[in-house]
Amino acid sequence: MISPSAAHWRSSVQRVLLVMLLVVTAGVGYSVVLPAPAHAAATVGAGGAWNAFNPGVGWLGNSVADNGMRVYCIDPLVPTSASGKASTATLVTDTGSGPAGNSAPVSGDDLRRMNYAISVHGQTSNDITAAAVSAYVYNFVSVNNRGRGERFIGGPVAAAVRAEYERVKADTEANFNRRSSEGGAVLTLSTDPHNHYLGELRVEQLVPHEATGSVTLTNAVFADTGLATRDGVSGNAAYPIRAVPPSGVNEYRVSAEAVFHAQGPTVYEPDITIYSDGGGSQRSASNGTSQPSIVTFGASSTDPEPRSTEFRPVVGTQVASRYVAEGEELVDVLRFSLDASQSTPMNEWYTEADGSYARVVANASIYGPFLAQPLESDQVPANAPLAFSGVTATTRADAGPDTEYTVTSGFVPDEPGFYTWVWNIDSAAQAPETRLHLPDDYAYQDRFGQVLETSVRPSQLAITTQLTQVEAALGSMIADEVTVSVQAGGWLQADGARIPVTVSGTAYFSETLPELAEEAPSHAERIGELSFTTDRPGSVMSDSFRLPVSAGFVTFQWCIRDDDQPESVRGMVAEICDLYGQTSETVHVQAPQVTTQAKPIATVHDELTDTAIVHGLVPEGAELSFGLYKQPEVGDARLGANQSEDGPGATWTESEVLGLGGEPVCLAENRVALTEPVTVEPGAHEGTEVVSPAVHVSEQGTYWWVEELTMPHPDTGEAILVHAGECGLPNETTLVAEPRVTTQAVEQIEVGGVAHDVALVEGVLPAASSGITAELTFQAFRHTGGAYVCDASTIAHDLTTPIAVDQLGSYVSEKVTFEAPGIYYWVETLSYRFADGSREVVHVGECGLPNERTTVLMPALAHTGAVGHMSHHHLLLAGGAMILAAAAVGLRVQANRVRRQAHERS
């Protein structure tokens, strides 16, 4: 193959050869094709040196113009220019005969064919196709081979190029002059048999299949957009539609009109673009003008059968409240819908073009009261009592069936029972514009006795009660008699029997007597619950209730509450409570009153006791215990010292005792005894005396009793303090002491006269139960002068015969005669004699007390008063006698003391 660039230097040779060939072939009629020129564009394109008239040298293909277009030679006998001038492009409708007049002019359909072939097949880089298109172009421009372009094909690939040539030629012939063709489509409207407002538009058999269009509906809109017109409709598609019936009719049809558009075949004009270097040089051609065509066609469809606006409204209801209180009117809540049980079409609720719903009127009657839920039935039973009628509800144009309607009946039941609604819709009750869209003589009535359409006015029961006790002991058991009665109407029933009603009682505790109120006040403590279930009027004794262990008042309030009822019948009996604080419902829980009286005074030999005096109600298991506390004195053992920081053996100090300020104190540190508990009989007491166990003490002093009344907790058995006495009460104080003895002797006698001593015994004597007897003895001692001495050396009279002291009071000694004048002093001795015969001296009078002096005078002195004139001698004699007497008495007293100490040690 000789490329166009190599052919340029040989152009002169070509011209010579051309002349020679023309001479040789002129007589034969053949044209000579030059080798491939360097076309006007001067840039080689696709193809090859396959020109059959110049094998191996002649170019068959395209070149590339400066603007990138592929161009083909249309002047095969004109040499290319070597001027190098810029090429020009010109759109022509006639190619003319070329620069030398040796090219066939092309116009009209042949030029359209060339335009098509170069446009559709010639803009290629494929060598075979480019060569085939080049030969096809020569088919028109060749003077000698017009219509025989295949003769230009040669070379090693000739077969392939010829085959491609035939394909290009055949395609060009078939399509170079295609124009817009007719299109078509089939529109089909279908109606939902159950709802005439719904349906579908199908687009089928669309030709051309890629066509799209716009469809406009009449009496309908597209369901997804709500618009009557839809663009972009394509073939083999289905579009849900929604009918919009015209006003004032009950039958109508939906129609559809469609306009489709499709891109038709490209139209190639009879022109091409010629490229030329000017100066009579060879020309080349690229494609001319072309433009796509548009196919427009229409289609339509109409419902084959009319659609109906007929609809069948129904109403379903549910009472606003299943249970209505006394004085409350019945209220129903309606929901309108369509009757799905009827034959087709069910249709939708009719709406006008502006979206407003047809208004439907429904009427209701109310039947009752029934003691039980009436059985459901299609028709109202003939014997059903009509309670109320004339209730009306009308749907709204702006909402139709899409909302609930609350209907107040204006009817207030006057007795308990079940009341059921029955609603109906009758075409005769409708406005003409609504009746138009209802079936002829349309009538609907919902079922009688539906639970959802039944309201219940609960049974009205009354509660009266009476406690079994109005006063009770702490922690005791009590029961309540509750009477349930029907206040109005009847006792409602379920499952063939009266409904069970749970009655609940709440126990409240308060420290003070409760006042009547609807509810328990906030300070009332809720302490327990009782309940029972009954299904009939009458009295029921409640379970026993344990009262608290605190004194105060317990009142019961009985209620019938919804929350306490079985779920299946909850609400069928009206809630009610009796009053809080009723006398018949209040029990006074009493703690017993305890006062005490201790033994006020005793000796260390006596049994000490306290006596509790009990009034009121004593609970089960009550016990009294008594604690005895000694008034602390300096040096007393601190009885709780084993548990104190002072350690074992600690005693009360002076500062501690002074710190008490004389106030009573009852602590573990000074408690000397705690008795075993004494059981107190349960029940009512009026001054019952409970004596404590006896207690013995070994020290004199002041003792305080404190009593405690306890009871076992009913649940845990733990002791609970019910009452505790106060420390230091006068009536709870026992003074432990020995008897007090004061004396008064005869003051003056004459020698030879008699005298005696008188002892006054006060305070306390050992009780008879101790087995101890008290005795008094007396002694008289002569005063010898100087200090008072009452011992064996001065004793004048020793009256050893004891005088029994069996009670408090005055005791007179034995009368004795005094033979010698002088001054004598009496000394009394009080002793205890024990059952075993032993004795204990508990009191010895003081020697020399003025009130125990007896003066013995000489008779003369007694009469003359001359004692003061006695001689010194006589006085000395008298004084000596008195000293001797006093010494004798002192010896006697000392002997007595020795005996007493011996007894104490025993």
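Residues numbered from 1 in each chain as written. Predicted model: local features only at pLDDT ≥ 70, side-chain atom pairs only at ≥ 80, totals over all residues. Heavy atoms only, no water.

Quick look at the sheet that holds strand β15 (residues 290–302) now. Taken in spatial order, the four strands make up an open sheet running β9-β7-β12-β15, and their pairing is antiparallel. On the outer flanks of this sheet lie β9 (229–233) and β15, each paired with one strand and no other. Averaged over all pairs of adjacent strands, the angle between their axes in this sheet comes to 20°, without regard to strand direction. Note: strand β7 (residues 212–218) against strand β12 (residues 255–268), seven bridges, orientation antiparallel. The partner of T216 across the bridge, within β12, is E257. (Pairing = 2+ DSSP bridges. Helix = DSSP H or I, 4+ residues; strand = E, 2+ residues; numbered from the N terminus. Axes fitted to C-alpha atoms, helices over the stretch in contact; angles between N-to-C directions.)

The sheet built from four strands is open, its strands ordered β5-β6-β10-β8 with antiparallel pairing. Two strands in the sheet have a free side with no partner beyond their single neighbour: β5 (184–192) and β8 (220–222). The sheet shows a mean angle of 30° between the axes of neighbouring strands, taken without regard to direction.

Tallying each qualifying case throughout the model produces 21 aromatic pairs. Between F311 and W349 the ring centres are 5.2 Å apart and the planes differ by 40°, which places this aromatic pair in the tilted class. Of the two residues, F311 is situated in the loop between β16 (307–308) and β17 (313–319) and W349 in the loop between β18 (331–338) and β19 (361–370); the sequence distance between them amounts to 38 residues. Between Y367 and F448, the aromatic rings sit 6.0 Å apart at their centres with planes inclined by 75°, giving edge-to-face as the arrangement. Of the two residues, Y367 sits in strand β19 while F448 sits in the loop between β23 (443–445) and β24 (454–457), which places them 81 residues apart along the sequence. Residue Y367 shares its accessibility class with F448, and that shared class is buried. By the ring-pair criterion, three or more aromatic residues cluster together here, those being F311, F336, W349 and Y405. Against the face of F222 rests R230, its NZ or CZ located 5.2 Å from the ring centre. The cationic tip of R638 hangs over the ring face of W652; the distance from NZ or CZ to the ring centre is 5.0 Å. (Phe/Tyr/Trp six-rings, centres within 6.5 Å; stacked < 30°, edge-to-face > 60°. Buried < 20%, exposed > 50% of the residue type's maximum accessible area, 1.4 Å probe, protein only. Lys NZ or Arg CZ within 6 Å of the ring centre and 35° of its normal.)

This next bit is on the pattern of salt bridges. As enumerated under the stated definition, the model contains 25 salt bridges in all. Its salt-bridge partner being D110, residue R113 comes within 2.9 Å of it at the nearest N-O pair. With a gap of three residues between them, R113 and D110 both fall in helix α3 (residues 108–122), about one helical turn apart. For R113, a relative accessible area of 15% corresponds to the buried category. The exposure class of D110 is partly exposed, given its relative accessible area of 23%. Note that D303 is salt-bridged to R307, the shortest N-O span being 2.6 Å. Each member of the pair, D303 as well as R307, carries the same accessibility label: buried. (Salt bridge = Lys/Arg side-chain N within 4 Å of Asp/Glu carboxyl O.)

Counting 59 residues, the largest nonpolar core has F556 and L624 as the members making the most contacts within it. If we skip the residues at most four places from it in the chain, L624 touches V594, A612, V614, E676, P677, V678, V680, V690, E708 and L709. (Core = buried A, V, L, I, M, F, W, Y, C linked by side-chain atoms within 4.5 Å. Contact = heavy atoms within 4.5 Å.)

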